[in-house]
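Below, each chain spelled out in residue letters.
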Amino acid sequence: MRRRPIFLITVLCFGFAFFYIPILSMMVYSFNGSRLATVWGGFSTKWYVSLFNNRQMMAALLLSLKIAVVSATCATILGTMAGIALARFRRFRGRTLFSGLVTAPLIMPDVITGISSLIFFILLAQWIGWPAQRGFTTITLAHITFSMVYVTTVVQARMSQADRSIEEAAMDLGSKPWQVMWDVTLPVISPAILSGWLLAFTISMDEVVITSFTTGPGSTTLPLLIWSKVKLGVTPDVNALATLTVLVVGVGVAVAGWVLNRAERRRDEDARLAYRANE
Amino acid sequence: MRARLAGWFHRRGWSDLMVALPYLWLVLLFLIPFLLVVAMSVATKTPTAPPFSFGGEYPLVSFADYARLMQDDLYIRAFLTSIGNATLAMVLCLLLGYPMALGLTRVSRSWRNVLLMLVILPFWTSFLLRVYAWMGLMGKNSWFNGLLTEGWNTVVPASWAVTSIPMMNSNFAVVLVMVYTYLPFMILPLYASLERLDPVLDEAAMDLGSRPFRVFLDVTLPQSVPGIIAGGMLVFIPAAGELVIPTLVGNAADPMIGRVISDEFSVATDWPMASAVAVALLLLMVVPMMVYSHYQARSEGGER
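Figured I'd write up the structure that's included with this text. (Residues numbered from 1 in each chain as written. Chains lettered and ligands numbered in written order. Predicted model: local features only at pLDDT ≥ 70, side-chain atom pairs only at ≥ 80, totals over all residues. Heavy atoms only, no water.)

### Quick notes on the pattern of salt bridges
Residues and elements named next belong to chain B. Applicable threshold: Should a side-chain nitrogen of Lys or Arg be within 4 Å of a carboxyl oxygen of Asp or Glu, the pair is scored as a salt bridge. In this description a helix means any DSSP run of H or I spanning at least four residues, a strand means any run of E spanning at least two, and both kinds are numbered starting from the N terminus.
In this structure the tally under the stated criterion is nine salt bridges over all chains. Note that Asp218 is salt-bridged to Arg214, the shortest N-O span being 3.1 Å. Taken together, the residues Asp218 and Arg214, both in helix α9 (residues 212-223) and four residues apart, mark about one turn of the helix. A salt bridge links Asp263 to Arg259; the nearest nitrogen and oxygen atoms lie 3.7 Å apart. With Asp263 and Arg259 both in helix α12 (residues 257-266) and four residues apart, this pair spans about one turn of that helix. Taken together, the shared-partner salt bridges in this structure form one network comprising Asp65, Arg68 and Asp270.

### Quick word on the interface of chain A and chain B
Operational definition: By definition, residues are in contact when any of their heavy atoms lie within 4.5 Å. Summed over both partners, the accessible area (1.4 Å probe) lost when two parts come together is defined as the buried area. In protein, a polar contact requires one atom able to donate a hydrogen and another able to accept it; more generally it is a pair of N or O atoms within 3.5 Å, and residues adjacent in sequence count only if both atoms are side-chain atoms.
Contacts between chain A and chain B engage 84 residues on the former and 83 residues on the latter. Here chain A meets chain B over a buried area of about 7600 Å², counting both sides, of which 85% is carbon and sulfur. It is Phe18(A), Phe19(A) and Trp178(A) in chain A that bury the most area against chain B; as a group they hold 9% of the surface buried on that side. In this structure, the connection of chain A to chain B is made through zero salt bridges. Connecting chain A to chain B are eight residue pairs in polar contact (both at pLDDT 80 or more).

### Regarding a nonpolar patch on the surface
Quick reminder of the rule: For patches, a residue must show more than 30% relative accessible area and have no salt bridge; joins then use 9 Å for like charges and 5 Å for nonpolar side chains, namely Val, Leu, Ile, Met, Phe, Trp and Tyr. All accessibility values rest on the Shrake-Rupley procedure with a 1.4 Å probe; residue burial counts only the protein chains present in the view.
The grouping of Met1(B), Leu5(B), Trp8(B), Leu17(B) and Leu21(B) at the surface amounts to a nonpolar patch, some 520 Å² of accessible area in total. By the secondary structure assignment, Leu17(B) is in helix α1 (residues 2-40).

### Side note on the environment of Leu116(B)
Residues and elements named next belong to chain B. When you line up the elements, Leu116 lands in helix α4 (residues 109-124). Each C-alpha atom of the pair Leu116 and Ala101 lies 9.5 Å from the other, and the pair is 15 residues apart in sequence. Among all residues touching Leu116, those that are not within four sequence positions of it are Leu104, Leu188 and Tyr191.

### Here we look at the environment of Ser170(B)
Residue and element names in this part refer to chain B. Checked against the element boundaries, Ser170 lands in the loop between α6 (143-155) and α7 (171-195). Here the alpha-carbon distance between Ser170 and Ile237, two residues 67 residues apart in the chain, equals 21 Å. Beyond its immediate chain neighbours, meaning those up to four positions away, Ser170 contacts Val249, Gly250 and Asn251.

### A word on the packing of α4(B) against α7(B)
All names here are of chain B. As a reminder, the rule being used: Geometry is summarised by axes, namely lines fitted to C-alpha atoms with helices restricted to the contacting stretch, and by angles between N-to-C directions that run from 0 to 180 degrees. Angles are sorted into four bins: roughly parallel if under 35 degrees, roughly antiparallel if over 145, roughly perpendicular if 65 to 115, and oblique for all others. Each helix crossing is assigned a hand: it is left-handed if the near helix lies turned anticlockwise from the far helix by less than a right angle, otherwise right-handed if that turn is clockwise. For this scheme, ten residues count as nonpolar: Ala, Val, Leu, Ile, Met, Phe, Trp, Tyr, Cys and Pro. Four count as charged, namely Asp, Glu, Lys and Arg, and the remainder, Gly too, count as polar.
One can describe the packing of α4 onto α7 by two numbers: an axis separation of 10 Å at closest approach and a directional angle of 150°. As judged from the angle between their axes, α4 and α7 are roughly antiparallel. Taken as a pair, α4 and α7 cross one another with a handedness that is left-handed. Contacts between α4 and α7 involve Arg112, Leu116, Val119, Ile120 and Phe123 from the former and Pro184, Phe185, Ile187, Leu188, Tyr191 and Glu195 from the latter. In terms of residue class, the contact of α4 with α7 is built from nine nonpolar, no polar and two charged.

None of this, on its own, says anything about what the molecule does.
Structure, rendered in structure tokens:
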């Protein structure tokens, strides 16, 4: 029997306190009645009321959701293509550059991606007259570009673990290669595609630096709005917004974890039953 | 015509398209904009719109901005501040993240899943709001600052007593928030590499008479080097180019390099200078990136 690792458990407790105390403090202060964000002035839900009555905030949320849905969907399609190509097509022209292009946006600092996109859009507008105005389209294009590589990473990792024998079996049974991809490979990696989409969606909902460079007049996303408010200091309604975000995300992740866990257990159970039936 | 198209699609078109579409996208919207920045860095600033030109005379390009980069105190200090803050954040993440990752491998299976989820959960919430949470804690009137002030005042002699601890708008605040936001990047690769270790090796060293701490130094630590490097680079690289954290909690008089790039671009509208600083930042990060990809390739090679 191992000794109880007291030191490690202590650090773990400290670490989780470090992770969650700031978030909990923010949630408690969202119910603060005082206008001063850091001085307690009794329990109140008025910041939540003012949040829902804030037209600007709701418009920004709506714009962010629109951009996130469109960009996550495009990023998932492009990113999945790239992931399958890198995992399955051993050799094609320009493969080295392609794999470089797929990793570079992951480590490129946001500021540099931001200014390069802005320079690109401004020069493009001058040369061909498009995009005449920056806004929804330019933000979405930029979001697709940096979030598709995350999808690629997830899909590629899943592909390299996947069992190729099913694909080979389908091939032996006379399927055309692209049918194999459509009927076998895609269903097998569908959980990875789904988590890629969710990842792209969250990244897009959260992105502020690149968005601030590619936005135009009248296109304020939720992170941009928070960014401009927070730069001026701590405000109670942002506390309320943060609390709602944490709750929505927390419940979402917990439910997703529970569903995946249950699906996995059921699959294990089915596999066991199948083996028993064979004996 | 349609039949021929369908034939082409079935034979090789589908696979060509699968490569070509994402390839074209990345070339058009990532590579070309990036090359524009590189070209911009050797242009000259002009008061026109857009504010640059490629000189009228031979050799058309100007390295004046790079020369300024090497001489002007502002840029040198910004680079040093960035490297210093990022290195400090990386080391602190390692010191806190390593025992946490090791601890995660020692708890029971059901606990481990819950705790891992708690490590990942902040990833899914807004980065901006996590930085913001610390603004609330570090402010002068906050309960956290009050607690620390009280602690400080009871420890030090009365003449050193303070009414609050000035944490906001300092490099201390930047490093603290960086550690907070990037700690999961350190814990997850470390956990992945520590989880793969065979506990039999530990037991063998134990049986041969090593004390637990020696076992850690001689057996566990050397085997987790790839995880340490991966985690370290995953913290260092984004931290060095960080813009949001220094803008919100940092000291404006002592900016980091991301802030300098953004200000040169938007405030001074000096595109060539902003681009030169950006290229210099990338050159600085090439070394850590190569180290990272070297170890990454090696650890992937080891798995096969």
